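Each chain, letter by letter, is given below.
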Amino acid sequence: MKALSKIVCGMDRSPIRFILDSAARFPDAIHLEIGQPDFPTPKHIIEAAVQAARHEYTGYTANSGMRELREAVVVKLARENDLHVQPKNVMVTIGAMQAVFSSLMVLLEHGDEILLPDPGYGNFYMASRLVYSKAVAYPTIAEESFVPDFEALERLVTDRTKVLLVNSPSNPTGAVYSEEVLRACLDFCRRHDLYLLSDETYDRLVFEGEHHSPAKWDDEGRVVSIFTASKTYSMTGWRVGYAIARPDIVDAMTKIQEPMVSCVNTVAQHATIAALLGPQDCVSDMLAHYRRRRDLVVELAREHGLTISYPHGAFYVLVDISEQPGAPTRPLVDGASMDFGCQLLEAEHVAVAPGIGFGSLCDRYVRISLCASEQALTEGLARLARYLHAAPTRPIVDGAASRQAVRRPGR
Ligand SMILES: Cc1ncc(COP(=O)(O)O)c(C=O)c1O
């Protein structure tokens, strides 16, 4: 039979999903790998969905989303993001991920280049490949507070570069870009005639500093902004996000929505209206929990002698597995964080996200998520530290052996 798509078959599976599936073999595993809020969706949001279903709001909606939801998005953006748009600028999508995917489809031709952060969300890389564009990683390193290095960015631009993607607050670094940095990103895009794709999935999850949407300084329609209900309202499974862009971009997304998915789940759209327009104290309550957990992890890392990132937003912490005080620098081979993740799971039953899933600069880290109880974080970090401190005597072996040890379900 003829071969399946090369681009799809040539792609690795998400390392986070791989660890998550592997952890199913260990019912007692401590889960620190996934960015899934551990709070229930607030009751008033669930109630709105129940009411919608009872009233039989169960048919298709417009491709770009219900008018009422797009109007609710307009209200939310003015209230929270100082962004003043109209419903014609709003495209409702299946989570932020479909908003990213759809944006890439509309903005990029085969072979065009997109500048993506490293460390950065692994799905950006996978999605770019699926639309036949070339992902070009730009560094955001710990020594520079994980913000873009503009000299490096300048060197990476070619005549095929079309999009710069920024993600603040960042998954996985927790960096919150200042107004100055985001204005510099927009200036960079203006200078090189690029689109700025701004993933603002964590716009409401900021511990210090302030979230800025670069679209508020854009008077040309150069910025496409992406938001979601997933993290803010603990609605990951409802799958509702939205892209904000100039009308012709929204029109193009609307057109391709039909052959992809037609529209977003109607009941979930009703729930999202309640989320955006209803009481917002649930957001500050959850944020307070994440902040307490962040502070706890920082304290525990100090006690255990772990080198970690200090997130100002989102809900992730990077733990450096390459260098620990008093220990020799560990020889990292390509994919070391994947091996470390697999071995840690086998030995200590702790699931973490391997840094390699966020780019090659992130291979020296594993990511832990603050979407776990204080008890799970305390025990998980103690086990991780125990394992890491024992590890310098044990060389990190090349990928294959340890990855096979943790069987690959579904492959
Ligand atoms: C930066 C970033 N963008 C997009 C997404 C996808 O969000 P959603 O669940 O709304 O599709 C995530 C999820 O982890 C993320 O971290």
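Residues numbered from 1 in each chain as written. Predicted model: local features only at pLDDT ≥ 70, side-chain atom pairs only at ≥ 80, totals over all residues. Heavy atoms only, no water.

Trainee: For helix H10 (residues 266-277), give the residues involved together with the corresponding values.
Mentor: In this model, H10 (12 residues) spans 17 Å end to end at C-alpha, consistent with the 16 Å of a helix rising 1.5 Å per residue. Counting buried positions along H10 gives 10 out of 12 residues, so the element sits mostly inside the fold. Those residues of H10 that sit buried are Thr266, Ala268, Gln269, His270, Ala271, Thr272, Ile273, Ala274, Ala275 and Leu276. Turning to H10, the residues buried within the fold contact helix H3 (43-54), helix H4 (67-81), strand E2 (90-93) and strand E8 (241-244). Looking at where H10 begins, the residue whose side-chain oxygen comes 2.9 Å from the main-chain nitrogen of Val267 is Asn265. (Helix = DSSP H or I, 4+ residues; strand = E, 2+ residues; numbered from the N terminus. Expected span 1.5 Å × (residues − 1). Buried < 20%, exposed > 50% of the residue type's maximum accessible area, 1.4 Å probe, protein only. Contact = heavy atoms within 4.5 Å. Polar contact = N/O pair within 3.5 Å; in protein donor to acceptor, adjacent residues only side chain to side chain.)

Trainee: Which residues make up the sheet that holds strand E6 (residues 195-199), and what values go with them?
Mentor: In space, the seven strands of this open sheet follow the order E2-E8-E7-E6-E5-E3-E4, with mixed pairing throughout. Single-partner strands in this sheet number two, and they are E2 and strand E4 (134-139). When the angles between neighbouring strand axes are averaged without regard to direction, this sheet yields 25°. Sheet topology note: the strand E7 (residues 223-228)/E8 ladder contains four bridges and is antiparallel. The residue of E8 that forms the bridge with Ser225 is Ile244. Sheet contacts for helix H6 (residues 122-130): strand E3 (113-118), E4, strand E5 (161-167) and E6; angle to E3, the most-contacted strand, approximately 165°. (Pairing = 2+ DSSP bridges. Axes fitted to C-alpha atoms, helices over the stretch in contact; angles between N-to-C directions.)

Trainee: Give a description of the confidence of the model for the chain that names residues and reports values.
Mentor: On average, residues of the chain score 93 in pLDDT, and 92% of them reach the 70 mark or higher. Long-range and interchain partners of residues 397-411, a stretch whose pLDDT sits below 50, account for 35 contacts in this model, where long-range means more than four residues apart. (pLDDT = per-residue confidence, 0-100.)

Trainee: Which residues make up the environment of His211, and what are the values?
Mentor: Position of His211 relative to the elements: it lies in the loop between E6 and E7. Classification of His211 by relative accessible area gives buried; the value is 12%. As for His211 and Arg367, which are separated by 156 residues in sequence, their C-alpha atoms are 22 Å apart. Not counting chain neighbours up to four residues away, the residues in contact with His211 comprise Asn81, Ser168, Pro169, Glu200, Asp203 and Val206. Within polar-contact distance, the side chain of His211 engages the backbone oxygen of Ser168 at 3.4 Å. Within the local environment of His211, its side chain forms a polar contact with the side chain of Glu200, the two groups lying 2.8 Å apart.

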